[in-house]
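Observations on chain architecture
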Amino acid sequence: MNTMQSADAVMDVGIAQCLSATEKRLRAAHATHLGYPYNLATGLPLPSGISDLLVNNLGDPYAGSHFASEVCDLERQVVGWLQDLWEADAAGATWGSVGASGTEGNLWAIYLGREALPSAVLIHSDEAHYSIPKAARLLRIQTMSVRCRDSGEIDVAAFEETLEQVKGRPVIVVLTCGTTMKGAHDDIVAVMNCLDVHGFGPDQRFVHVDGALNAMVLPFVDGAPQNIRPTFRHGIDSISTSGHKMIGTPMPCGVLIARKSHVDRVASSIAYLRSDDTTLMGSRNGHAAIAIWARLFGHGRARYRDDVHRCVAKAQFLAAELSRWNIPVIWNAHGMTVVFPEPEVRIVNRYQLACYRGQAHAIIMPSVTDDLIDEFLNDYRSWWMSSDRRLPQ
Ligand SMILES: *Cc1c(COP(=O)(O)O)cnc(C)c1O
């Protein structure tokens, strides 16, 4: 017995050491992080007593069940906060839930679309997130990808050509509010007008807006044009966002809001849960719902607005500084994403940059300090001056 206890004790020391080394590594990685749209400046004041409790939002957030270790009340408040932000009253009744990620929101939205329009073709842009074609493969939906402009936004003329080709079949359209690589905003109003003009009325289309990052950014940007804003006033069917991006939770999660009529179509009652089966996952992460709730209500709209204005200004500054050195940059107005040629691997690794086809980007989230931007600019410039990339092509 004694031997067992001391073996346990040795093991506990080993586990504690490993966890503390892991914490150290994560903190160091956070300090120079520039490449992914993660808001690491959360300072989330969650009581530590909650962290070791099982919290499982089992089943539909609105239905309730016999199971009591849940926080569906907080989840519904989270959904309400975002329903206000995205003006969901304009869509009639809407439903929402906290899921595992932006990807789950996209997958579930596309599922709702397919159940509404079983013979639909899914149309997305070349710059849509890879979770969109993946969802289409999982659901065996035929897809068509539409070319983008250099900015990364969908080319509306090309979208129209695609509509001509699919005439006779309904469509599921996925638009992006803040594309992954370039932070571009698809013109939602122009696309809705095209659909109307070409005879794809409300019963022949399902439009989802993937707002993983910028559905929590654009609503706070004064002066952002109405046609790119993520709002149900445009007559769309659903919007999703990630919790660990602009909202700033310490675990991956996401929120989807959709018209309730679509959700009612797929709800099937499961007696033993006393709940409607309206979510992809049965068991769902209640800690994520708590974290989003604490962020949205603790930080509040005014501070998100401050964060967004500061970040957009800094992104504009970074783009301007790089341009001064004749480095080709893309910065889409009202966003926090700055695209530039992929630098040497040392810089990619240090700043944890995401690279794609010779390009890389920095995303100026609230956790990115002025010092980090300066350090990056110095590193990047030195590399640029010493590389042959700067020579005219
Ligand atoms: C990050 C991202 C996603 C995926 O979100 P996850 O929460 O990482 O699953 C989807 N769409 C876009 C545009 C994204 O940038």
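Residues numbered from 1 in each chain as written. Predicted model: local features only at pLDDT ≥ 70, side-chain atom pairs only at ≥ 80, totals over all residues. Heavy atoms only, no water.

1. Examining the environment of Leu112
We apply this condition: Only DSSP runs of H or I with at least four residues qualify as helices, and only runs of E with at least two residues qualify as strands; both kinds are numbered from the N terminus onward. Three exposure classes are used, based on accessible area relative to the maximum for each residue type with a 1.4 Å probe and protein chains only: buried under 20%, partly exposed in between, and exposed over 50%. Whether two residues are in contact is decided by their heavy atoms, any of which lying within 4.5 Å being enough.
Looking at where Leu112 falls in the secondary structure, it is placed in helix H4 (residues 102-116). Accessibility expressed as a relative area gives 0% for Leu112, which makes it buried. Taking the C-alpha atoms as reference points, Leu112 and Val263, 151 residues apart in sequence, are found 6.8 Å from one another. Apart from residues lying up to four places away in sequence, Leu112 is in contact with Phe206, Ala258, His262, Val263 and Val266.

2. Some points on the pairing of strand S7 (residues 254-259)
Definition in use: Two strands form a pair only when DSSP identifies at least two bridges running between them.
Of all six residues making up S7, six are buried, and the element is well covered by its neighbours. Bridge count for strand S1 (residues 94-99) against S7 is six bridges, and the pairing is antiparallel. When the bridges of S7 are listed, Gly96 appears paired with Ile257. Bridge analysis of strand S6 (residues 238-242) against S7 gives five bridges, and the strand direction is antiparallel. Paired with Thr241 across the strands is Val255, a residue of S7.

3. Re the site of the ligand
Rule in force here: For each residue, the test is whether any non-hydrogen atom lies within 4 Å of the molecule or strand; if one does, the residue is near. Contacts described as polar in this section are N or O atom pairs within 3.5 Å, which, within protein, must combine one atom able to donate a hydrogen with one able to accept it, while residues neighboring in sequence count only if both atoms come from side chains.
Close contacts around the ligand come from 13 residues, with Gly102, Thr103, Asp210, Ser242 and Lys245 the closest. At a separation of 3.5 Å, an oxygen atom of the ligand approaches a polar side-chain atom of His244. With respect to the ligand, the side chain of Lys245 contributes an N or O atom lying 3.1 Å from an oxygen atom. Only H4 and helix H8 (243-247) provide two or more residues apiece to the shell around the ligand.

4. A closer look at helix H7 (residues 188-197)
Residues of H7 that are buried include every one of Ile188, Ala190, Val191, Met192, Cys194 and Leu195, and no others. Structurally, H7 contributes buried residues whose contacts are with helix H6 (156-166), strand S4 (171-176) and strand S5 (205-210). One or two positions beyond H7, positive phi appears at Gly199, with a value near 85 degrees.

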